[in-house]
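Now for the letters of each chain:
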Amino acid sequence: MELFGTAGIRGSVTERVTPELALSVGRAAGVDGDEFVVARDGRVTGPALAAAMEAGLESAGATVHRAGMLPTPALAFASQGRRGVMLTASHNPPTDNGIKVFDDGVEYAREAEQAIEERVEAGASPVAWDEWGGGDEVEPLAAYRSAVTDFASTRGADLDGLRVAVDCGNGMGALATPQVLRELGAQVVTLNANVDGHFPGRESKPTPETLSDLREFVADGEFAFGLGHDGDADRIVIIDGDGEVVHEDTVLAILAEHYVRSEDVADPVVVTTPNASARIDERVRAAGGRVERVRLGALHEGIASARADGGDVVFAAEPWKHIHVPFGGWIDGVTSAAVVGRLVADVGLDALREPVTERPYRKVSVECPDTAKATVMETVATTLPDAFPDAEVDTEYGVRLEFPDASWTLVRPSGTEPYVRIYAESDEVDGLVADVRAVVDEAVADAA
């Protein structure tokens, strides 16, 4: 049984992430520890799934601390020294929900997820009636916001009056990001800052299209920058003063360079993923660090691996999602907002972007049923290198080709949606994408 993807368990609440599944996963996870903090995002289905999860955990003998609605990074913060479960589908539509499990502030490793899957499949039974766990209510949000504020205060400059527009997308960012930025001194204007599980303001996934209102608002006003969150506030998108989206890899490169320069360690390492741009490597090298890559959705595993090899991991990220390692081991869009704000206040967004080489970059999604992904990737692993015989090939995390002129492309299956993704960075990026897509389209057609 395979339940977990690259970002926990996600899917339709009537077909996949049902109360029955939440109960089973809770009972299976409950044997891992004595204490769990349980929280949810603002989705309509969250209370029922949280109740089922709590019942599963308690019937396995665990004590449950009910935290109510939280951003996912706040739940991760609260899980330090114990375990945690977050009920969220992040950027998925309101018809979906999901389950993420944490251990001491870090998402479960693949082996731990597989252990839960095995227990669910085996149908774990409750412990004896007099061994069931109890529960109580906790409120970690204020402590989390204070911790983010204190951490960001050590970086960049004061946000004294800095004007920032924040689109919370009717999600969990509304409970943390505006408050943190205001505490740091910013003048914050919010959009969609009421929590509503129907996401009436815009789709939960922050994209250039769904953030059109924010982009127009920032372009028409006097703002240092704008930012948008997804439903659970682990992702962040930055908007410049002209209302344009700052490329996710440029934001990643800015933060990576900052942490390499600011952390006093012998071997500063930035962990990222195969779909991340070479602009990150350039800025990290310029600052005196190095980059290690790990499969998408496994940043925590990459951090552990780099540390085992003697590296000092100072930052880890995949596009849109950042782990501020000196602060904690979880993906945290609220902390990203605070740190970016302080850096912008120090030198301005344009100055932060200026040293980053922004080569043409594209990401394309090709529709592919989940059931066909394995066959398609097996085919592409052969046909794509055949189509580009001069490229160096790496098939560890999808199929990545690197060309003599330093351009590259990556094909990998989405872990959460019915797509195969194509990533490419090249001075001739449109032609490269077209050629790669032709190979992928043929593989999808053959698998149909």
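Everything numeric here is computed off the predicted structure, so don't read it as measured data. (Residues numbered from 1 in each chain as written. Predicted model: local features only at pLDDT ≥ 70, side-chain atom pairs only at ≥ 80, totals over all residues. Heavy atoms only, no water.)

### Some words on the environment of histidine 300
Along the polypeptide, histidine 300 turns up in helix α10 (residues 299-308). Owing to a relative accessible area of 15%, histidine 300 belongs among the buried residues under this scheme. Leaving out residues up to four positions away in the same chain, histidine 300 has contacts with Val106, Glu107, Tyr108 and Ala109. (Helix = DSSP H or I, 4+ residues; strand = E, 2+ residues; numbered from the N terminus. Buried < 20%, exposed > 50% of the residue type's maximum accessible area, 1.4 Å probe, protein only. Contact = heavy atoms within 4.5 Å.)

### Some points on the packing of aromatic side chains
Counted according to the given criterion, the structure contains eight aromatic pairs. Ring geometry for phenylalanine 151 versus phenylalanine 327: centroids 5.1 Å apart, planes at 35 degrees, classification tilted. Here phenylalanine 151 is found in helix α5 (residues 141-152), whereas its partner phenylalanine 327 is found in the loop between β15 (321-323) and α11 (333-347), with 176 residues between them in sequence. When sorted by exposure, phenylalanine 151 lands in the same class as phenylalanine 327, which is buried. An aromatic cluster of three or more residues is present, and its members are Phe77, Tyr144, Phe151, Phe327 and Trp330. Across from the ring centre of phenylalanine 223, 4.3 Å away, lies the NZ or CZ of arginine 163, which sits over that ring. A cation over an aromatic ring shows up here: arginine 400 above the ring of tryptophan 408, its NZ or CZ 4.2 Å from the ring centre. (Phe/Tyr/Trp six-rings, centres within 6.5 Å; stacked < 30°, edge-to-face > 60°. Lys NZ or Arg CZ within 6 Å of the ring centre and 35° of its normal.)

### Brief notes about the UniProt feature "domain: Alpha-D-phosphohexomutase alpha/beta/alpha" (unreviewed entry) in the protein
UniProt tags residues 2-123 and 143-243 as "domain: Alpha-D-phosphohexomutase alpha/beta/alpha" (unreviewed entry). Split by type, residues 2-123 is 37% helix and 26% strand. Its first and last C-alpha atoms lie 14 Å apart. (UniProt positions renumbered as here; feature names shortened; annotations may be inferred.)

### Overview of the pattern of salt bridges
Following the criterion strictly, the structure yields 30 salt bridges and no others. Residue arginine 215 is joined to glutamate 244 by a salt bridge in which the shortest nitrogen-to-oxygen separation is 3.3 Å. Taken as a pair, arginine 215 in helix α7 (residues 212-220) and glutamate 244 in the loop between β11 (236-239) and α8 (248-262) lie far apart in primary sequence, 29 residues in all. Judged by its relative accessible area of 42%, glutamate 244 is partly exposed. Each of the salt bridges in this network shares a partner with another, and the network as a whole consists of Asp240, Arg279, Arg353, Glu358 and Glu425. (Salt bridge = Lys/Arg side-chain N within 4 Å of Asp/Glu carboxyl O.)

### Description of the UniProt feature "domain: Alpha-D-phosphohexomutase C-terminal" (unreviewed entry) in the protein
Per the UniProt entry, the sites bearing "domain: Alpha-D-phosphohexomutase C-terminal" (unreviewed entry) are residues 368-442 in this numbering. Summarising residues 368-442: 39% helix, 27% strand, and an end-to-end C-alpha distance of 11 Å.

### Here we look at the sheet that holds β11
Across the sheet, which stays open at both edges, the four strands sit in the order β9-β8-β10-β11 with mixed pairing between neighbours. The open sheet has two edge strands, β9 (187-191) and β11, and neither has a second partner. Looking at each pair of strands side by side, their axes are set apart by 20 degrees on average, direction ignored. Contacts between α11 and the sheet are confined to β10 (225-229) and β11, with β10 contributing the most and set at about 175 degrees to the helix. (Pairing = 2+ DSSP bridges. Axes fitted to C-alpha atoms, helices over the stretch in contact; angles between N-to-C directions.)

### Focus: the pairing of strand β20 (residues 419-425)
Of all seven residues that make up β20, six are buried, and the element is covered over most of its length. Bridge analysis of strand β19 (residues 408-413) against β20 gives six bridges, and the strand direction is antiparallel. Across the sheet, the residue bridging to valine 411 is isoleucine 422, located in β20. Linking β19 back to β20 in an antiparallel pair, the connection comprises five residues.

### Side note on the sheet that holds strand β14 (residues 312-318)
Spatially, the four strands line up as an open sheet ordered β13-β12-β14-β15, and their pairing is mixed. The two strands at the open ends of the sheet, each matched to only one other strand, are β13 (290-293) and β15. Shown here is a sheet whose adjacent strand axes are inclined to one another by a mean of 25 degrees, direction ignored. As judged from the four bridges shared by strand β12 (residues 268-272) and β13, these two strands associate in the parallel manner. Along β13, the bridge assignment pairs valine 271 with glutamate 292. Against the sheet, α8 engages β12, β14 and β15, with an angle of about 170 degrees to β14. This element, α10, spans β12, β14 and β15 of the sheet and lies at about 160 degrees to β14.

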